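Results of the structural survey
Letter by letter, the chains look like this.
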Amino acid sequence: MMRRNFVASMLAALGGCRSRGHGEGAAPTERVAVTFVGWGAPEERVVFAEALAELERQDPRVHVVYTQVPGIGYDYLNKLRLMIVAGLAPDVFYVPDGAFQELVRGGALLDLEPFLRESTLDLGAMWTTAVDRYRFDGERVHVGHLFGLPKDLGPMVLYYNKDLLRRRGVEAPPPTEPLTWDEALAMWRALTFVDRGLMRWGITRFPYDAAIWSSGGEILSADARSWAMTSPVSLGAFQWCADLAIRHRVGPDPARLADVSLGELFEAGLAAMHPDGRWMVPRYRKLAFDWDVALIPVPSRGAPSITRSGSVGLAISARSPHPKEAFSVIEFLAGPRGQAILTGAGFQLPNQRAVARTNVFLQPSKRPAHAEAFVLAAESSRPAATTETPDAFWEEVFSAYADQVWRGERSAAELFPEIAPRINQTIRVAFEEVGLQPRGRSLSQAGWK
Amino acid sequence: MTAVSRFPHERWWAYLFAAPPILGFLVFGLGPLIASFVLSFTRYDVLTPPEPVGFENYRRLFVEDFFIGKTLVNTAFYLLGLPLGMAVSLSIALLLDRVTRFRGFFRTVYFVPAVCSAVALGLLWKWIYRTDYGLLSMALAAIGIEDSPAWLSEPSLVKPSLVLIGIWTNLGYEVVVLLAALKTVPRQLLEAAELDGASGWQRFRHVTFPAITPTLFFISVTGTIAILQSFDQVWVMTRGGPAFASATYMLYIYVTGFQYFRMGYACAMAWLLGLVVLFVTWAQFRLARFWVVES
């Protein structure tokens, strides 16, 4: 027993995250250590320390041991998964919306409904799209009980280099009304030029999901069991995005980009516009040039600007020995006061709609001048299509093939029907892997050779 | 008999000294081998307990999964680098064999890539291949070729570009091994051939080459196994892209197992690779009798 405890403490020291008094049941007067793991920039540590200090003042029962894990995406998820399997899961942890499905299906997350019934937290004050992406009804995500609370919401907006626009005599896009594609294209043409031997582009790349959704198309079917990008609307929207570089020449040639990221082109002043999320704001505030944000353009006047938004959820481990105290942590962080503190660093659009309309978020003395664009974009944003499937491998398969369209080697209309059986099969396998019955056809049934 | 009586515990000492590698193999070799074989018949996402699925993973592997064929073909392409690399290494080794001054210096220069980490070399070559300010593009620009190809993002160029790196990386090791082999070529035979009027090519073809065939066979077997398992440089340089054009089979196993946590299926894939390696190695041994000259 002693040896087991020793091994557990060694593992805890290595992981740096094991809760004190784990599994021992704290006495009522004792402070309960709640372990909390997330990722983030160094600046976020500061706002988290402030928020957690305030929580501990409000609720003296709770002491939060916060660990910031380096690396996001699969690095973070690998570490989290291993901690869960080793029985060393932190009480509270970040769940990116893209990984919510695999973690909730794996039984790693605690159902929050019993706690929410007794909580004063107003879910109605949050963006509905942010809340709903942490729901699960036992089979489908985005409906049913809540297994996480949104820490933030990150809709895509169009960042633009104001200095470059001024230099080229181009009027800035309106802050509250999206441009139409035609208007945007005219603007990008004016912003594409050769400057002392260097090519400067109008836009880096248009987000194809926004183009499809704003045109009325879909990426996946309603039940997320099949790929819907072979519809004429989706095909047309994707092709329009690719044509910006290969036909209109207002974006960089993907074949020649190699490993230069699109964001780097914007930061270097080589692209006038670049779609990205709120999390880029602290980084862009260090840029030497003036910049602002606008809504993502739409196919025609009056069409909704529907963009993808990312979100990080705050979840409680299904095996947490302190679920009540853990809930108190996420309740505070997702509530109005916690959100006001976390928003201060500039990384996130708060989950609370009301906080998003105050100067805590808008920060009028800092860039961007029109931060309300994030609020407007959030209203009509959607989670990425990959959040609707058990994993994102199908998207990786699609992206790999879609390169041919981005590079102008084949048209979307030619390629997409050809690759549809492969992508549908990848989606079917993903559902099979989590034990859900297949509804699609196999490649051989679909006549794929 | 005397020895046994003088050292009655000798047998136990022998077992003790042999124990570390045996235990190492049991714990880190045989154990995982058995576990992966059992897991290959399950659906296992690490978070939830393995669920038996019979031969489903193997059925999918052979019948449905289109990436298996694609990544195996890619991996087979990388095998082309092996004979090319051996030919280059042999040529350099033959030249170095004749060098009398600075031999140590040359050997060191050629061996340096062999002691560098594969990841560091991958990153280095990634910079060399960059289209904008990569060393290769700049060298091409210097001789008047302004529009340098996108070495790593052009599907038709990415595999040959990676083969070139593979050849360069293994060059040092192969050169050193072949230099050692060249030292074993019987001098008296070479001299006898020379006295008989054999040309340089004839001496190489009929004396030197047969003498070093066991070494060439060794390089071809170990090289083939290494290429069939290649992962690190491809992962660092291209992550298998563009459009899976450079993805190796091993990379696909990694993505399946450690990115999408389809561990059961990844185990089945690993067993297929094990069988492929076994078959290819067996075939190489069978073919060896046609070209390898036993000393």
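In every chain, residue numbers begin from 1 and rise along the written sequence. Note on labels: chains are lettered from A, ligands numbered from 1, in written order. Local features are withheld for residues below a pLDDT of 70 in this predicted model, meaning they are given only at 70 or higher, and side-chain atom pairs are given and counted only at 80 or more; totals for whole chains, interfaces and linings count all residues.

Starting at the N terminus, helices and strands are each numbered in turn, a helix being any DSSP run of H or I of at least four residues and a strand any DSSP run of E of at least two. A tally of helices and strands in chain B yields 14 helices and two strands. Each principal axis of the C-alpha distribution contributes one length, and for chain B these read about 80 × 75 × 35 Å. Of all 295 residues assigned to chain B, the portion counted as buried reaches 28%. By the convention adopted here, residues make contact when the C-beta atoms placed from their backbones lie within 7 Å. Taking the intrachain contacts of chain B between residues at least 6 apart in sequence as the baseline, contacts between residues at least 24 apart amount to 68%. Whether a residue is buried, exposed or partly exposed is read from the other C-beta atoms within 10 Å of its own C-beta, which are placed from the backbone; 20 or more gives buried, 12 or fewer gives exposed, and intermediate counts give partly exposed.

Moving on to the domain arrangement of chain A. Residue and element names in this part refer to chain A. Boundary definitions for the domains trace back to an automatic or database domain assignment. Per the domain assignment, the segments of chain A are domain 1 (2-154 + 310-385) and domain 2 (156-308 + 389-420). Distance from the C-alpha centre of domain 1 to the C-alpha centre of domain 2: 31 Å. Going through the elements one at a time, helix H4 (97-105) and helix H18 (372-379) are the ones with two or more residues in the side of domain 1 that touches domain 2. Partitioning the side of domain 1 that touches domain 2 into residue classes produces 11 nonpolar, nine polar and seven charged. Polar here means any residue other than Ala, Val, Leu, Ile, Met, Phe, Trp, Tyr, Cys and Pro, which are nonpolar, and Asp, Glu, Lys and Arg, which are charged; Gly is therefore polar.

All names here are of chain A. Spatial strand order, S7-S13-S15: three strands in an open sheet with mixed pairing. Two strands lie at the open edges of the sheet, namely strand S7 (154-155) and strand S15 (382-383), each paired on one side alone. Only strands joined by at least two bridges in the DSSP assignment are considered to pair. In terms of strand pairing, S7 meets strand S13 (residues 308-310) through two bridges, oriented antiparallel. The residue of S13 that forms the bridge with Pro155 is Ser309.

Note on interface size: it is often stated as the accessible area lost on association of the parts. Taken residue by residue, the interface counts 23 residues in chain B and 24 residues in chain A. Within the side of chain B that touches chain A, the residues separate by chemical class into 10 nonpolar, five polar and eight charged.

All names here are of chain A. Note on terminology: a nonpolar core is a set of buried residues of type Ala, Val, Leu, Ile, Met, Phe, Trp, Tyr or Cys, with members joined through C-beta atoms within 7 Å. Core analysis: the biggest nonpolar cluster contains 157 residues, and Val157, Phe238, Val329 and Ile330 have the highest contact counts within it. It is helix H10 (residues 232-246) that provides the largest number of residues to this core, a total of eight residues. Summarising the domain contributions, this core has at least three residues from each of domain 1 (2-154 + 310-385) and domain 2 (156-308 + 389-420). When sequence neighbours within four positions are dropped, the list of residues in contact with Val329 reads Val34, Phe36, Leu55, Val62, Val64 and Val92.

Here we come to the pairing of strand S11 (residues 271-276) of chain A. Residue and element names in this part refer to chain A. The buried fraction of S11 amounts to six of the six residues, a majority that puts the element mostly inside the structure. With four bridges connecting them, strand S8 (residues 157-161) and S11 associate as antiparallel partners. Bridging from a neighbouring strand, Val157 pairs with Asp276 of S11. Sheet topology note: the strand S10 (residues 198-203)/S11 ladder contains two bridges and is parallel. The residue of S11 that forms the bridge with Ile203 is Met273.

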